[in-house]
Each structure stands twice: as C-alpha cells, then as structure tokens.
Amino acid sequence: QAQLVVSGRGLVQPGGSLRLSCAASGSSFSIYAMGWYRQAPGKQRELVAAIISGGSINYADSVKGRCTISRDNAKNTVYLQMNSLKPVDTAVYYCNAEVPLEGEVWGQGTLVTVSS
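Residues numbered from 1 in each chain as written. Predicted model: local features only at pLDDT ≥ 70, side-chain atom pairs only at ≥ 80, totals over all residues. Heavy atoms only, no water.

Participant: Sorry, what's going on with the overall build of the chain here?
Facilitator: Assigned secondary structure in the chain consists of zero helices and 11 strands. Starting at the N terminus and ending at the C terminus, the chain contains elements arranged as β-β-β-β-β-β-β-β-β-β-β. Computed over its C-alpha atoms, the radius of gyration of the chain comes to 14 Å, within 12% of the 13 Å expected for a compact globule of 116 residues. Principal axes of the C-alpha set define a box for the chain whose edges measure 45 × 25 × 25 Å. Sorting the 116 residues of the chain into buried and exposed places 41% on the buried side. The long-range fraction of contacts in the chain, counting pairs at least 24 apart against all pairs at least 6 apart in sequence, stands at 52%. When the accessible surface of the chain is split by element, carbon and sulfur atoms take 49% of a total near 6100 Å². Seen as two clouds, the 10 positive and the 7 negative side-chain charges of the chain have centres 9 Å apart. (Helix = DSSP H or I, 4+ residues; strand = E, 2+ residues; numbered from the N terminus. Rg over C-alpha atoms; globule rule 2.2 N^0.38 Å. Buried < 20%, exposed > 50% of the residue type's maximum accessible area, 1.4 Å probe, protein only. Contact = heavy atoms within 4.5 Å. Areas by Shrake-Rupley, 256 points an atom, 1.4 Å probe, with all protein chains shown as cover. Lys, Arg positive; Asp, Glu negative; His and termini not counted. Charge placed at Lys NZ, Arg CZ, Asp CG, Glu CD.)

Participant: Can you help me understand the packing of aromatic side chains in this one?
Facilitator: The relation between two aromatic rings is expressed through the spacing of the ring centres and the mutual angle of the planes. Applying the stated criterion to the full structure yields one aromatic pair. Plain terms: the ring middles of Tyr-37 and Trp-106 are 5.0 Å apart, the flat faces sit at 65° to each other, and that makes the pair edge-to-face. With Tyr-37 in strand β4 (residues 33-39) and Trp-106 in strand β10 (residues 103-106), the pair connects residues that are 69 residues apart, well separated along the chain. Over the ring of Tyr-94 we find Arg-45; its NZ or CZ atom is 3.8 Å from the centre of that ring. (Phe/Tyr/Trp six-rings, centres within 6.5 Å; stacked < 30°, edge-to-face > 60°. Lys NZ or Arg CZ within 6 Å of the ring centre and 35° of its normal.)

Participant: Quick question: what am I supposed to make of the nonpolar core here?
Facilitator: Grouped burial of nonpolar side chains is what soluble globular proteins tend to show. Core analysis: the biggest nonpolar cluster contains 31 residues, and Met-34, Trp-36, Leu-80 and Met-82 have the highest contact counts within it. Only β1 (3-7), β3 (18-25), β4, β5 (46-52), β7 (67-72), β8 (77-82), β9 (91-99) and β11 (110-114) provide two or more residues apiece to this core. With five residues, the single largest contributor to this core is β9. Excluding residues that lie within four positions of it along the chain, Met-82 makes contacts with Gly-16, Ser-17, Leu-18, Leu-20, Arg-66, Cys-67, Tyr-93 and Val-112. (Core = buried A, V, L, I, M, F, W, Y, C linked by side-chain atoms within 4.5 Å.)

Participant: I would appreciate a short explanation of the pairing of β5 in the present structure.
Facilitator: One ladder, built from six bridges, connects β4 with β5; its direction is antiparallel. What sits directly across from Gly-35, in β5, is Ala-50. Counted between consecutive antiparallel strands, the loop separating β4 from β5 contains six residues, among which Gly-42 sits at a positive phi close to 75°. (Pairing = 2+ DSSP bridges.)

Participant: Can you help me understand the state of the cysteines in this one?
Facilitator: Chemically, a disulfide is nothing more than a covalent bond linking the sulfur atoms of two cysteines. Enumeration according to the criterion identifies one disulfide in this entry. The partner cysteine of Cys-22 in its disulfide is Cys-95, sulfur to sulfur 1.9 Å. Its S-S torsion of about -85° marks the bond between Cys-22 and Cys-95 as left-handed, since a negative value means left-handed. In this pair, Cys-22 is assigned in strand β3 and Cys-95 in strand β9, connecting sequence segments 73 residues apart. The exposure class of Cys-95 is buried, given its relative accessible area of 0%. (Disulfide = S-S within 2.5 Å.)

Shown next as structure tokens:
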C-alpha cells in the first residue's frame, strides 16, 4: 500500500507564502495523479490543485494566481507553493494520490493557519 508523507509550515502571516510537500512511497507503480485538498472549519473537503502524470493541472478558482502545484516524478513528490495567503486559506490540508490498482490514497492532514 502506498503511503503519503506531508511536510510544511503550519503558520503564516496574511500575504505570506508557504510550501507544502508530499512524498509518496510504498508503491511499485507509476502514480497517475497527485493533488492537494483542504477542509476549512464548517466546510467540506475541497480540491485545491491537482496534477496529472501527463502534466495537466487543475486549480480551484479560489486559489488561481496564488498557488502553484508541481511534481517531481523521480522523487514521487508533489509540492504546493502558496503565495498571497489570506485568512480564508486557513484549513487542514491533505495530500492525495491516485495509484494504479489501489485507487485513492490520502496523507495525513496538516493544519495551515493564516493569521496576524
């Protein structure tokens, strides 16, 4: 079973930047897609950004222009660079991977707080 390990800061000031990393291990298959989700208080988990193996990228409208997702296939790692962060970006962020024969795999949640 594939596992995802997330790392990154948990606190940032409004207007600041933060990069999250997610490394996949334990799978012998090429990962089809990786992405980032978040869940804010009182809200459902929502897609932030996703990247497909072929290079196609999707962003949520709320983060377009402020977030960049990238993937290092050799390291099986996906990154989320977030800029111009706002208090509404405060949420628990999750890494997700779509793995052949296993389906979706989720990493642990990491709390990102945007506050002064």
